[in-house]
Amino acid sequence: MPQSPLSPSLFEFLRELEQHNNREWFNDNKSRYQRDALDPIVELVAQLEKPLARVAPMLSVIPKRSGGSILRIYRDTRFAKDKTPYKTNVGVSFKHQAGGDIHAPGVYLHLDPLETFAAGGCWRPERQSLAAIRQTIAADPKGWRKATREKKFASRYELAGESLKTSPRDYAADHPQIEDLRRIDFIAVAPWTEADWVSGDVIARIVDDIKAVRPLMKFLCQAVGVPY
């Protein structure tokens, strides 16, 4: 069996960072971050380049320490009440090539000792895309149900994210799809464990999860007018 580029040391580092989330500790342990977290994640993304080019060619897979698919560990604290300087997770974002930001349909990997998962879809789409997705759900409820209830998808993923407490404008409270039309996030989450990330079949598992989320991705991309 092939070996995962990740090891339990990644999660050990994140647990310690949770306890010592300050610049002095991080600077003292920066070499550990690079050795146990950053470099292994870069290698993981590099190993995903070819298989994802085949199964999800519209996703950008960029194995770089910065400016690529791996999210910065440094938190933006300018407008946050929580002033701790570092994220206590590792995030990987495979963005759609047609969308320049995190809000376009994409795939996200989240490694965190408290909760780790793979996710796909649209998180907080901007107003125009949100309206287009709702319109498509309302116009094609059968397609939406198929995208979110297909057997392989449903065996791995659950729809997640936040919703409005009231009905969105232009949709009646008794609309047959009102629960989904209230969504402001159109994402699906597949739970993982730490053991999954360090197992030898981690690359195959990620590829399978991205295959499984394809029905949702195709529906959302069609709604916002981009290919998938």
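A few points on the structure. It should be emphasised that the depicted structure is a prediction, and the values quoted were computed from it without experimental measurement.

Focus on the side chain of aspartate 180
So, point 1. Structurally, aspartate 180 can be placed in helix 7 (residues 178–181).
So, point 2. Looking at aspartate 180, the relative accessible area reads 12%, which means it is buried.
So, point 3. Engagement of the side chain of aspartate 180 in a polar contact is seen with the side chain of arginine 183, the distance being 2.8 Å.
So, point 4. Residues contacting aspartate 180, with those up to four places away along its chain left out, are Ile137, Trp144, Leu159 and Phe186.

Quick look at the pairing of strand 1 (residues 90–95)
So, point 1. The element strand 1 is largely enclosed, with a buried count of five among its six residues.
So, point 2. Relative to strand 2 (residues 106–111), strand 1 is paired through six bridges, and the arrangement is antiparallel. Along strand 2, the bridge assignment pairs valine 92 with leucine 109.

Side note on the pattern of salt bridges
Opposite charge on two side chains lets them pair, provided their charged atoms get close.
So, point 1. On inspection of all chains with the given rule, the structure shows 13 salt bridges.
So, point 2. With a shortest N-O distance of 2.2 Å, arginine 15 and glutamate 194 are connected by a salt bridge. Here arginine 15, found in helix 1 (residues 8–19), pairs with glutamate 194, found in helix 8 (residues 194–198); they are 179 residues apart in sequence, far enough to count as distant.
So, point 3. Using a relative accessible area of 38% as the deciding quantity, one classes arginine 15 as partly exposed.
So, point 4. In this structure, a network of salt bridges that share partners links the residues Arg156, Asp196, Arg205 and Asp209.

Scoring rules and cut-offs
Residues numbered from 1 in each chain as written. Predicted model: local features only at pLDDT ≥ 70, side-chain atom pairs only at ≥ 80, totals over all residues. Heavy atoms only, no water. Helix = DSSP H or I, 4+ residues; strand = E, 2+ residues; numbered from the N terminus. Buried < 20%, exposed > 50% of the residue type's maximum accessible area, 1.4 Å probe, protein only. Polar contact = N/O pair within 3.5 Å; in protein donor to acceptor, adjacent residues only side chain to side chain. Contact = heavy atoms within 4.5 Å. Pairing = 2+ DSSP bridges. Salt bridge = Lys/Arg side-chain N within 4 Å of Asp/Glu carboxyl O.

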